[in-house]
Amino acid sequence: MALPALLGAAEADPLQAIRDVSGDREAVALDPDRSAKWVAFAGVHEMVRPEIVLGFHGLCLVKPADVRRRQHRLLGSL
C-alpha cells in the first residue's frame, strides 16, 4: 500500500501502519498547529494549514486540512 493511501485510510493506528510500510521506527506524529509553506515549481508560495504532520528524521509529511488540497500530500523538511 502506498504511503499517501495510508494517510487517507481510517485505520486503528495510522502512525504504526506508516512505520510498518516505511520501515522507519522513529516516525512521529507532530502537532498540526504549525504553519507549512507549499512552494510550487513556478516559485509561488502558499501557506497550508496541516491536518496531519508526520516527522521522519528531519523530514515531514503533511496532509493539508484545506478541502481543495486534501488529495495532496506534501513532503518537505522540518
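Parameters and conventions
Residues numbered from 1 in each chain as written. Predicted model: local features only at pLDDT ≥ 70, side-chain atom pairs only at ≥ 80, totals over all residues. Heavy atoms only, no water. Buried < 20%, exposed > 50% of the residue type's maximum accessible area, 1.4 Å probe, protein only. Helix = DSSP H or I, 4+ residues; strand = E, 2+ residues; numbered from the N terminus. Salt bridge = Lys/Arg side-chain N within 4 Å of Asp/Glu carboxyl O.

K.L.:
Could you give an account of helix α2 (residues 14-22), with specific residues and numbers?
P.N.:
Within the sequence span of α2, burial applies to Leu15, Ala17, Ile18 and Arg19. At the exit of α2 stands Gly23, carrying a positive phi of roughly 80 degrees.

K.L.:
Talk me through the pattern of salt bridges; I want residue IDs and the actual numbers.
P.N.:
What the rule picks out here adds up to two salt bridges. Measuring nitrogen to oxygen at the nearest pair gives 3.4 Å for the salt bridge that ties Arg25 to Asp20. Asp20 sits in the partly exposed class, given a relative accessible area of 47%. Put simply, Lys63 and Glu51 hold a salt bridge, and the shortest N to O gap is 3.8 Å. Of this pair, Lys63 sits in strand β5 (residues 59-64) while Glu51 is found in strand β4 (residues 50-56), placing the two residues 12 residues apart along the sequence. A relative accessible area of 9% places Lys63 in the buried class. Relative accessible area serves as the criterion here: at 32%, Glu51 is assigned to the partly exposed category.

These figures come from the coordinates and say nothing about function on their own.
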